[in-house]
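# A look at the structure
One-letter residues, chain by chain:
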Amino acid sequence: MTRLSLFNVVSLTFGFVFLYVPMLILVIYSFNKSKLVTVWAGFSTKWYSELLANDAFLDAAWVTVKVAVLSSSIATVLGTMAAYVLVRGGRFFGRTLFSGMIYAPLVMPEVITGLSLLLLFIGMGLDRGVLTIVLAHTTFSMCFVSVVVSSRLMTFDNSLEEAALDLGASPLEAFRLVTLPIIAPAVISGWLLAFTLSLDDLVIAAFTSGPSATTLPMKIWSSVRLGVSPEINALSTILIAMVTIGVVAASLASKQAALRAKRDEQKAARMT
Amino acid sequence: MGQLDKNGRRAAGPMKRAILIAMPYTWLLALFLIPFAVVFKISLSDIELSIPPYTPTMKDGLWNMLSRLDFENFVFLTQDDLYWKAYVSSLRIALISTVLTLVVGYPIAYAMARAPEQWRPTLLMLVILPFWTSFLIRVYAWIGILSNEGFLNKFLLWIGLINEPLTILNTNAAVFIGIVYTYLPFMILPIYSALDRLDGSLIEAAEDLGCSRIKAFWLITIPLSRNGIIAGCFLVFIPALGEFVIPSLLGGSGTLMIGKVLFEEFFSNRDWPVASAVAVVLLLILIIPIVLFQHNEQKQAEADT
Amino acid sequence: MPLVDSVFAPWDDSDQKPLIRFRNVTKRFGDFTAIDNLTLDIFAQEFFALLGPSGCGKTTMMRMLAGFENPTKGAIELAGQDIAGVPPNKRAVNMMFQSYALFPHLTVQDNIAFGLRRESRDSNFISERVSEMLKLTRLEKFARRKPHQISGGQRQRVALARSLAKAPKLLLLDEPLGALDAKLREATQFELMDIQEKTGTTFVIVTHDQEEAMTVASRVAVMDEGRIMQVATPEKIYEAPNSVYVADFIGDVNIIPGTAKAAGPDHYEIDWAEGREPLHAISKKDFAEGQSCHLAIRPEKVAIHAEHPAADNAVLGKVLDIAYLGNLSTYHVQLPTGEIIKAQVANTRRVSRRDYTWEDQVWVSWTKTAGVLLDQ
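Scoring rules and cut-offs
- Residues numbered from 1 in each chain as written.
- Chains lettered and ligands numbered in written order.
- Predicted model: local features only at pLDDT ≥ 70, side-chain atom pairs only at ≥ 80, totals over all residues.
- Heavy atoms only, no water.
- Helix = DSSP H or I, 4+ residues; strand = E, 2+ residues; numbered from the N terminus.
- Buried < 20%, exposed > 50% of the residue type's maximum accessible area, 1.4 Å probe, protein only.
- Contact = heavy atoms within 4.5 Å.
- Areas by Shrake-Rupley, 256 points an atom, 1.4 Å probe, with all protein chains shown as cover.
- Lys, Arg positive; Asp, Glu negative; His and termini not counted.
- Charge placed at Lys NZ, Arg CZ, Asp CG, Glu CD.
- Phe/Tyr/Trp six-rings, centres within 6.5 Å; stacked < 30°, edge-to-face > 60°.
- Pairing = 2+ DSSP bridges.
- Buried area = accessible area lost by both parts, 1.4 Å probe.
- Salt bridge = Lys/Arg side-chain N within 4 Å of Asp/Glu carboxyl O.
- Polar contact = N/O pair within 3.5 Å; in protein donor to acceptor, adjacent residues only side chain to side chain.
- Nonpolar A, V, L, I, M, F, W, Y, C, P; charged D, E, K, R; others polar.
- Patch = residues over 30% accessible without salt bridge, like charges linked within 9 Å, V, L, I, M, F, W, Y side chains within 5 Å.
- Axes fitted to C-alpha atoms, helices over the stretch in contact; angles between N-to-C directions.
- Parallel < 35°, antiparallel > 145°, perpendicular 65-115°, else oblique.
- Left-handed = near helix turned anticlockwise from the far one by under 90°.
- 1 Å grid on protein atoms, 1.4 Å probe; cavity = no way out; pocket = protein on both sides within 12 Å on 5 of 7 lines; lining within 4 Å.
- Points joined across faces, edges and corners; volume = space filled by probe spheres on them.
- Domains from an automatic or database assignment.
- pLDDT = per-residue confidence, 0-100.

The next thing to look at is the overall build of chain A. Along the backbone of chain A there are 11 helices and zero strands. Shown N-terminal to C-terminal, the secondary structure of chain A runs as helices and strands in the order α-α-α-α-α-α-α-α-α-α-α. Taken over the C-alpha atoms alone, chain A extends approximately 70 × 60 × 35 Å along its principal axes. Per-residue burial for chain A yields a buried fraction of 55% across its 272 residues. For chain A, long-range pairs separated by at least 24 residues make up 69% of all intrachain contacts whose partners lie at least 6 apart in sequence. Accessible area of chain A: about 12,200 Å², with a carbon and sulfur share of 68%. Of the charged side chains in chain A, 19 are positive and 15 negative; the average position of the first set lies 9 Å away from that of the second.

Written out as structure tokens, the structure is:
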């Protein structure tokens, strides 16, 4: 039990205040009756009702969710494959290039990825719309999934796979019945990461979308370019609330699971 | 029968293995690498009032097309002040932001690593939560804070620290704040991870041998968390260099960042060839940091096993 | 109590065909040679031990039998068939892993049933077989638990049950008792021997613990640096090692180097020190005149006396050290030449009434049949 020094306490406090106050301010002002965000005119939920009545926003939200679910699911499959290849694949022709292609998108500026993909689609004659956004999002998401899953695979005990093979499972069965269930938490967090990245993406969507497909970030962008907008405050609050509930729930669930596992092990060690 | 590789190890059926490698590989080749080739080709083209707004295209025939490509756009980039100023300005802003993020992030990561064991998962969750929240919204939040009638000015006026509102929004300062704010989790997490793995008894050994607290920090802690620092800096610097949203929302017309320039060149001016040339040059600038980043990550990954 | 079966010796029977054959097997990992031109026969229903220090190649041999490695040169035959091309999931060989490798997300009974389900047997057969295995390893009460809910000893039994479920021709055990504490280890050793006899499976165990190998095995192969030094029953290995390495590896031994001189049929005199009486040993092995040799005598075969005894071999020395082990005492006697001979004597009397103590002048002796004359 180490007591934190004053310096550390101050650092932590300042850090978390810095991270959370802006979001808190958004939430508070979303209930501001006045359209002038910085003048408090009383509590009101009217911006929420206006937001929910705004069809353009709702359509955009729907498109965004569709794209996010599709792209993150494909990205999870491809990313897990890529992780498996990187960690277990041994040497193969072009491995360095493959590894480079997995890590580069993690840091590549979005304007470059967006521009290059759009030019490719045009060169291919592809109509821009939901399909092209999904293709684009899948591409950069799979790299993030790959990093998450390969980091789990590296600590995975290989003898479990060998045991499965030894007992008669084919390599595919061994992966499906033993490896996958055990690395499932990592695969799921990879999916969640891909989902969030897709949900949140503006630049690449701006490049690769078409007239029929407007995503929520794009709608937010067109509103905020002109300055503060109370509807956006309301939308922000809704998004922040959803994320908070999700993250806190996941965190509590994993804490519970860890506690339960620890208790089981202690019980087991005490018997016999 | 399967092929044996150099170590006599059998591949999981060579066909299946080839498919397993081929699927993500082909996807990335097609949708990551080849687009760069396309960008390069278009950077060598000329602007044209047509759909698509560049010439020549494949329709003109392959050899014809290849013969009409030139480096005109790249020359143009060197001639017009705007572009190289934007590159330099971007480098400057990205570097300063990275350093600021490091200065702000390291103490937080350090404090987290020194916190009591049971707090750490909660602290981690608190750092990660903003990361899961929409990036766009979090940047947008600062507009309301930094504007002349915004929250910060109201607060400073109220406590009497200033007499007139500070102009922060639409300046480079706002961009710095925005980048630090948005990329802070990317700096904290690798550093925290490195510090967490640090063996506390090393510090104790140093103090036992006569080091003061502060000296032990500089001589032991910092060097041993070096990998985390490097990873964090790359994770901030490289994307910050090409940032578009933050300079657009928080910066002013005087804020020159290459990401903004590229976007405007593409959408406002509809000059795709020049935009492509801008992208190519940016990519060239970034190749070395990206390769270094990837190299560092691989080394870390291998060291962890 | 397991029977010390002097009748079970298929390796002596020329009509018996071996279950496993290693024929001139070499295994290289890059520049490193793990197995060097190794030839070995293992017979059905043996409890065979591969014994040696880490890095000697025993684990590599096991993995080649399981199918996780393939020989660089040479062939391995199982029941007469060359198994080189056969992947691990298609071999009638099962392995018990050192780390147990229990599937953490499956219950004990699902772990045991795993291999059977791969064979797509009908569910009645599977559940019957699983119950049989649970009974064999006394795990019936824990069938529905998951691996993290049972103790280390129980996990070991699950690993064993799982590897026996498919009634393999050959069971490989990779240091199976390493993680258990001493008392449990002893009990489990006898359990393993019991199960091996009951099921009639051929066991090949890999271990670095020579006591373990000597206890459980019908035959032991002592390995060093990719080569087999000696393959024999535990008694033969102990009483008749074929080299100084084997003699030294198993148990405690005194090695006296010298030169041999014939002194009668099978009788040799060994010159071991200037101006000292030569030692006498009986050896069926042939030694040339003046050939250098090593005389190996086990400490329990060395007697200790106050006066010069009438014995084939007697040497004077001084008690340098006494190691008290409760039931035995090992006297370290230093000879005038500087060498130390260990003599092990049962403590038939209490310590306070010990006959010999530090610094005493004593004679150590042994018969001419007690030692083994080795050439290398």
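Picking up after the structure, the text goes on.
Attention now goes to the packing of aromatic side chains. Going through the model one piece at a time under the given rule, you end up with 36 aromatic pairs over all chains. Centroid distance Phe-18 of chain A to Trp-142 of chain B: 5.8 Å. Interplanar angle 55 degrees. Geometry classified as tilted. On the criterion of chain membership, the pair formed by Phe-18 of chain A in helix α1 (residues 6–30) and Trp-142 of chain B in helix α6 (residues 135–146) is interchain, its members lying in two chains. Seen from their ring centres, Phe-131 of chain B and Trp-132 of chain B are 5.7 Å apart, and the 70 degrees between their planes marks the pair as edge-to-face. Taken together, the ring pairs connect Phe-207 and Trp-221 of chain A together with Phe-244, Phe-263, Phe-266, Phe-267 and Trp-272 of chain B into an aromatic cluster.

All right, on to the pairing of strand β16 (residues 313–324) of chain C then. Residue and element names in this part refer to chain C. Pairing of β16 with strand β19 (residues 361–366) involves six bridges; the strand directions are antiparallel. Along β19, the bridge assignment pairs Leu-316 with Trp-363. In this structure, β16 lies alongside strand β17 (residues 328–334), joined through six bridges in antiparallel fashion. By the bridge assignment for β17, Lys-318 is matched with Gln-334. The antiparallel hairpin formed by β16 and β17 contains three residues in its connecting segment, where Gly-326 sits at a positive phi of about 90 degrees.

Next up on the list: the interface of chain A and chain C. Between chain A and chain C, the residue contacts involve 24 residues of the former and 26 residues of the latter. Summed over both sides, the interface of chain A with chain C buries roughly 2,100 Å², with 61% coming from carbon and sulfur. At the junction of chain A and chain C, the tally comes to two salt bridges. Across the salt bridge formed by Arg-118 of chain C and Glu-173 of chain A, the nearest N and O atoms sit 3.6 Å from each other. Viewed at the interface, chain C and chain A are joined by 10 residue pairs in polar contact (both at pLDDT 80 or more). It is helix α7 (residues 158–166) of chain A that contributes the most residues to the side of chain A that touches chain C, seven residues altogether. Grouping the constituent residues of the side of chain A that touches chain C by class yields 14 nonpolar, four polar and six charged.

Together, Arg-260, Arg-263, Lys-267 and Arg-270 of chain A together with Lys-141 and Arg-145 of chain C make up a positively charged patch on the protein surface. Note on placement: Arg-260 of chain A falls in helix α11 (residues 230–270).

Describing two packed helices takes the angle between their axes plus the distance from one axis to the other. Packing of α1 of chain A against helix α4 (residues 81–114) of chain B brings their axes to within 8 Å, and their N-to-C directions diverge by 120 degrees. The orientation of α1 of chain A with respect to α4 of chain B, classified from their angle, is oblique. Here α1 of chain A and α4 of chain B pass one another in a crossing that is left-handed. Of the residues in α4 of chain B, those in contact with Phe-7, Asn-8, Ser-11, Leu-12, Phe-14 and Gly-15 of chain A of α1 of chain A are Val-104, Pro-107, Ile-108, Tyr-110, Ala-111, Met-112 and Arg-114 of chain B.

With 89 residues of chain A at the contact, the number on the chain B side is 90 residues. Surface buried jointly by chain A and chain B totals about 8,000 Å² across both partners, of which 82% is contributed by carbon and sulfur atoms. Of all residues in chain A, Met-101, Val-107 and Leu-119 of chain A give up the largest surface area on contact with chain B, accounting jointly for 8% of the area buried on that side. At the surface where chain A touches chain B, the tally comes to 10 residue pairs in polar contact (both at pLDDT 80 or more). Per-class residue counts for the side of chain A that touches chain B are 64 nonpolar, 21 polar and four charged.

Okay, the sheet that holds strand β6 (residues 93–96) of chain C next. Residues and elements named next belong to chain C. Taken in spatial order, the six strands line up as β6-β7-β8-β3-β9-β10 in an open sheet, and their pairing is mixed. Each edge of the open sheet is held by one strand with a lone partner, namely β6 and β10 (227–232). Across the sheet, the axes of successive neighbouring strands diverge by a mean angle of 20 degrees, strand direction being ignored. Strands β6, β7 (170–174) and β8 (202–207) of the sheet are contacted by helix α4 (residues 152–164), whose axis makes an angle of about 175 degrees with β6.

The next subject is empty space enclosed by the protein. All names here are of chain C. One pass over the full model with this rule turns up three cavities of 30 Å³ or more. Approximately 50 Å³ is the volume found for the second largest cavity. Together, Tyr-238, Glu-239, Pro-241, Val-253, Ala-296, Arg-298, Lys-301, Ala-370 and Val-372 line the second largest cavity. Classifying every residue of the lining of the second largest cavity gives six nonpolar, no polar and three charged. Residues from two domains meet in the lining of the second largest cavity; each of domain 1 (2–245) and domain 2 (252–374) gives at least three.

Across chain A, the average pLDDT comes to 87, with 96% of residues at or above 70. The secondary-structure element of chain A with the lowest mean pLDDT is helix α2 (residues 46–53) of chain A, recorded at 83, while α7 of chain A shows the highest, at 94.

What follows deals with the environment of Ile-195 of chain C. All names here are of chain C. Locating Ile-195 in the fold gives a position in helix α5 (residues 182–199). On the basis of relative accessible area, Ile-195 is assigned to the buried category, the value being 3%. Sequence spacing of Ile-195 and Leu-160 is 35 residues, and the spatial spacing of their C-alpha atoms is 9.9 Å.

All names here are of chain C. Pairing is antiparallel across the open sheet formed by four strands, whose spatial order is β2-β1-β4-β5. Two strands close off the open sheet at either side, each with one partner strand: β2 (32–42) and β5 (81–82). Pairing of strand β1 (residues 20–29) with strand β4 (residues 73–78), which is carried by five bridges, proceeds in the antiparallel orientation. Paired with Arg-23 across the two strands is Ala-75, which belongs to β4.

With that settled, consider unusual backbone geometry. All names here are of chain C. The phi torsion at Ala-101 lies on the positive side, around 50 degrees, for a residue other than glycine. Relative to the helices and strands, Ala-101 resides in the loop between β6 and α2 (108–118). Even without glycine at this site, Glu-175 takes up a positive phi of about 40 degrees. Topologically, Glu-175 is positioned in the loop between β7 and α5. Looking at Glu-175, the relative accessible area reads 12%, which means it is buried.

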